[in-house]
Amino acid sequence: MAKWFQKQSRLIQILLLLIPIVNWVTEVLVRISALLEKMDLRNVLGVIFGLIIPIFGWLDLVWVLLFKHMVLCKA
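Calculation rules
- Residues numbered from 1 in each chain as written.
- Predicted model: local features only at pLDDT ≥ 70, side-chain atom pairs only at ≥ 80, totals over all residues.
- Heavy atoms only, no water.
- Core = buried A, V, L, I, M, F, W, Y, C linked by side-chain atoms within 4.5 Å.
- Buried < 20%, exposed > 50% of the residue type's maximum accessible area, 1.4 Å probe, protein only.
- Helix = DSSP H or I, 4+ residues; strand = E, 2+ residues; numbered from the N terminus.
- Contact = heavy atoms within 4.5 Å.
- Expected span 1.5 Å × (residues − 1).

A.B. asks: An account of the nonpolar core is needed here, citing residue identities and associated values.
C.D. replies: Within the largest apolar cluster, ten residues are counted, these being A2, F5, L16, L17, V30, A34, L61, V64, M70 and C73. Counting only elements with at least two residues in this core, the list comes to helix 1 (2-7), helix 2 (10-18), helix 3 (20-37) and helix 5 (56-67). Sequence-distant contacts of M70, defined by excluding residues within four places in its chain, comprise F5, L17, T26, E27, V30, R31, D60, W63 and V64.

Structure, rendered in structure tokens:
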């Protein structure tokens, strides 16, 4: 799911992160799949912060606009 998300156009990524409930579901799926692909400290912290801190989704929206991947989530 993480690689699929990164292959999408920036518009699709932004739309997935803009809608509140879809944002959280997308974030959880992408972060867990990135963690399963590559278990390192960055991905572990990303899953923890993504699940605990709800405002992290809006930070991801800005981060995707700038760098085309989520914060602490690199597959």
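There's plenty left to go through after this.
A.B. asks: Would you mind going over helix 3 in detail, with residue names and values included?
C.D. replies: Relative to the 26 Å expected for 18 residues at 1.5 Å per residue, helix 3 spans 26 Å between its end C-alpha atoms, a close match to the ideal helical length. All of the buried residues along helix 3 are N23, T26, E27, V28, V30, R31, S33, A34 and L35. Its buried side turned inward, helix 3 meets helix 1, helix 2, helix 4 (41-52) and helix 5.

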